Amino acid sequence: MAFSYRVLSRSKQLYGSQAILNQQLAFPVRYYAKEAAPDGFKGDEMLKDIFRDLKKKFDTAIGVFRKEKIIIDPEDPAAVSHYAKVMKTAREKAGLLSESQRIQYTIEEETKDIPDARTYLLQLQEIRIKRNLPDELGVEAMMMDALEKVEKEIKKPLMRNDKKGMALLMAEFDKINTKLGVRREDLPKYEEELELKIAKAQLEELKKDAVEAMETQRKREEFKEEKPVDVRSLDIRNFL
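What counts and what doesn't
- Residues numbered from 1 in each chain as written.
- Predicted model: local features only at pLDDT ≥ 70, side-chain atom pairs only at ≥ 80, totals over all residues.
- Heavy atoms only, no water.
- Helix = DSSP H or I, 4+ residues; strand = E, 2+ residues; numbered from the N terminus.
- Buried < 20%, exposed > 50% of the residue type's maximum accessible area, 1.4 Å probe, protein only.
- Contact = heavy atoms within 4.5 Å.
- Polar contact = N/O pair within 3.5 Å; in protein donor to acceptor, adjacent residues only side chain to side chain.
- Salt bridge = Lys/Arg side-chain N within 4 Å of Asp/Glu carboxyl O.

An unreviewed UniProt entry annotates the chain as ATP synthase 24 kDa subunit, mitochondrial originating from Salix dunnii.

Pasting the structure below:
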């Protein structure tokens, strides 16, 4: 254990472990600017308030992680589940958005000025690609086919303010959901599955960083006689 602590504490790669918090703190500045600043409120004062708020959230999240033993084993469902619960607790106590909430916020911000349904769906596709979200079921193609059907029926491009046309499109989307077995009441389950995937991905990154750090440092003369350490035995709390 001494080897693991000496190696990781001296390695710059340890900072990759901060991903457990960096993702949680991925707030766009415009999030804080939803409400107009009071008259006479200087820009630098607003920035100071933003950074103070971020620091408070960061410290709160760190406090949660310092109390929990995280097992760096992405192949162990129990370890992944526990890590996901710790992330959720840290997020809730720090007042941060979940991944699905961040996606929803991004969609709202990037599509609010789009007038037509086709451009809206194309923007959704772009957001999905940027966030590395897979479309394993081919939902986007189905949605485009549904739009084609509706526009053929109304004989014009579908605008988002066309209530009758949008109702027709939503009905087609409902058919797609039924075909795929997607139910609105199951949304919390889908969000939980997403959080587990994120937790596993972050544990994989933590494991990768830790292994690379130890392998790099073991090449140094001072560490050559040290025995290899099982990543699962590491305690992240020692490095936060």
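Looking only at helices and strands, one finds nine helices and zero strands in the chain. When the helices and strands of the chain are placed in sequence order, the string is α-α-α-α-α-α-α-α-α. Here the chain holds 240 residues, and the buried ones make up 34% of them. Contacts in the chain between residues at least 24 apart in sequence constitute 72% of all its contacts with a sequence separation of at least 6.

For the rest of this paragraph, the subject is the side chain of Glu 151. As for its placement among the helices and strands, Glu 151 is situated in helix 7 (residues 139-154). Owing to a relative accessible area of 13%, Glu 151 belongs among the buried residues under this scheme. Of note is the side chain of Glu 151, whose polar atom sits 2.9 Å from the backbone nitrogen of Leu 158. Ignoring any residue separated from it by four or fewer positions in sequence, one finds Glu 151 in contact with Arg 118, Lys 156, Pro 157 and Leu 158.

Oppositely charged side chains may form a pair once their charged atoms are brought near each other. Scanning the model with the defined rule gives 18 salt bridges in all. A salt bridge links Arg 118 to Glu 151; the nearest nitrogen and oxygen atoms lie 2.7 Å apart. Note that Arg 118 is positioned in helix 6 (residues 117-130) and Glu 151 in helix 7, a separation of 33 residues in sequence. Taking the relative accessible area as the measure of exposure, Arg 118 reaches 26% and is therefore partly exposed. What you see here is one network of salt bridges that share partners, running through Asp 73, Asp 230 and Arg 232.

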